[in-house]
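Breakdown of the fold
Listed below, chain by chain, are the residues.
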Amino acid sequence: MGPPGSGKGTVSARITKSFVLKHLSSGDILRCNVNAQTELGLLLKSCIDQGQLVPDDVMSRLILSDLRGMGQSSWLLDGFPRTVSQAETLDDAYSVDTVINLNVPFQTIKQRLTSRWTHLPSGRVYNIDFNPPKVPGLDDVTGEPLVQRDDDTPETVTRRLKSYETLTEPVLEYYRSKGVLETFSGTETNKIWPHVEEFLNRKLPSVHRGAA
Ligand code: AMP
C-alpha cells in the first residue's frame, strides 16, 4: 500500500528479486488491458487518464482471476486493494498475511511522479533524478523505449492523491484493525527499502527467502 508514486513498483520489484513471491500489479494489469484495445480497455483508459479509480467490481474480477491462475504460489499484490470494498472482496477469497504501507509525504510524491518513466511491457520504473536508466530513454534490460504515463501530469496527480486520501486511506485502518499493517515512513525508496527487507526476512517463512 502507499500513495501513487510512493515507490510501490520499485519496492515490489526488489521484494520479488530477494524473496520467492509472484508479483501482481493492478496498474500493470489495467495498462495491459488498455494496450489490448478491447472495449473494457477503453473504459479503463478513460478512468486511468482522468486519475480516477476503475470500478471495484471490474478491478476485483481482474485481480481474482489472475490470483486463481497462480495456484498454490505465494504472491505480492501491488496497488490492490485500493478501497475497503476491494479489501473485503479479497478477504472473502484469501487471507492476507502482511500489508506493507509506504508512507511518503505528498510533497515528495508530486515532485517524483513528474520525473517518472516506465517500460510498459515489464512495468519497470525509472526516475530521471535518482534511478535513471543506463541509456537515457531506454529500458536497461530490453533496450526498448521508455514512456511517461499520461496520468503523471500535475493536475491528474493532484486528483489521484485526493482519491487516495478519501478512498484508500480507510483501507489502512481496515488492515491496522486486523493487526497486519506494517508502515515504513521516509522520502527515499533507497532508505526505506533496507527496513522493508529486514522486516520481511524476519516475517516470511524460510521457503520465501533467498530468491536473488
Ligand atoms: P498505478 O500504476 O498503481 O498507480 O495505477 C494506475 C491507475 O490504475 C490508477 O490511478 C487507477 O486509475 C487504476 N488502478 C490501479 N489499481 C487500482 C485499484 N486497485 N482499483 C481501482 N483502480 C486502480
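Just so you know, these numbers come straight off a predicted model, no measurement behind them.

1. Things to note about the overall build of the chain
A tally of regular secondary structure across the chain gives eight helices and six strands. Secondary structure elements in the chain, listed N-terminal to C-terminal, are α-β-α-α-α-β-α-β-α-β-β-α-β-α. Computed over the C-alpha atoms, the radius of gyration of the chain is 17 Å, within 12% of the 17 Å expected from 2.2 N^0.38 for a compact globule of 212 residues. When the backbone C-alpha atoms are referred to their principal axes, the chain occupies close to 40 × 35 × 35 Å. Counting only residues that meet the buried cut, the chain has 43% of its 212 residues in that class. A sequence separation of at least 24 residues applies to 71% of the contacts in the chain between residues at least 6 apart. As displayed, the chain offers around 11200 Å² of accessible surface, 52% of which is attributable to carbon and sulfur atoms. One way to put it: in the chain the 24 positive side-chain charges average out to a point 3 Å from where the 26 negative ones average out.

2. A word on the UniProt feature "domain: Adenylate kinase active site lid" (unreviewed entry) in the chain
Mapped onto this numbering, the UniProt entry gives "domain: Adenylate kinase active site lid" (unreviewed entry) at residues 116-151. What you have in residues 116-151 is 0% helix and 22% strand, and the ends, taken at the C-alpha atoms, are 11 Å apart.

3. Here we look at the packing of aromatic side chains
Applying the stated criterion to the full structure yields four aromatic pairs. Taken together, a centroid distance of 6.3 Å and an interplanar angle of 70 degrees make the contact between F106 and Y164 edge-to-face. In this pair, F106 is assigned in helix α6 (residues 106-113) and Y164 in helix α7 (residues 154-177), connecting sequence segments 58 residues apart. Their ring planes at 80 degrees and their centres at 5.3 Å tell us that Y174 and Y175 sit as a pair that is edge-to-face.

4. Some points on unusual backbone geometry
Omega for the bond connecting F80 with P81 falls within 30 degrees of zero, at 0 degrees, which places this linkage in the cis form. For Q37, which is not a glycine, the phi torsion comes out positive at approximately 55 degrees. Within the secondary structure, Q37 is located in the loop between α2 (26-35) and α3 (39-49). The exposed category is assigned to Q37, whose relative accessible area is 67%.

Calculation rules
Counting restarts for each chain, with residues numbered from 1 along the sequence as it is written. Predicted model: local features are reported for residues with pLDDT of at least 70 only, side-chain atom pairs are reported and counted for 80 or more only, and whole-chain, interface and lining totals are derived from all residues. With hydrogens and water stripped out, all remaining heavy atoms of the structure feed into the side-chain values. A run of H or I in DSSP counts as a helix once it spans at least four residues, and a run of E counts as a strand once it spans at least two, with each numbered from the N terminus. It is over C-alpha atoms that the radius of gyration is taken, and the globule rule equals 2.2 Å times the number of residues to the power 0.38. Exposed residues in this analysis have more than 50% of their type's maximum accessible area, buried residues have under 20%, and partly exposed residues fall in between, with area computed by a 1.4 Å probe over protein chains only. Note on contacts: a residue pair qualifies if any of its non-hydrogen atoms lie within 4.5 Å across the two residues. Exposure was quantified through the Shrake-Rupley algorithm and a 1.4 Å probe, taking into account, for residues, occlusion by the shown protein chains and nothing else. Within this scheme the basic residues Lys and Arg register as positive and the acidic residues Asp and Glu register as negative, but His and the chain ends are omitted. To locate a charge, the coordinates of NZ of Lys, CZ of Arg, CG of Asp or CD of Glu are taken. UniProt positions are given in the numbering used here, feature names are shortened, and annotations may be inferred rather than shown by experiment. Classification of ring pairs rests on two measures: the distance between centres of Phe, Tyr or Trp rings, Trp counted by its six-membered ring, which must be within 6.5 Å, and the angle between planes, read as stacked under 30 degrees, edge-to-face over 60 and tilted in between.

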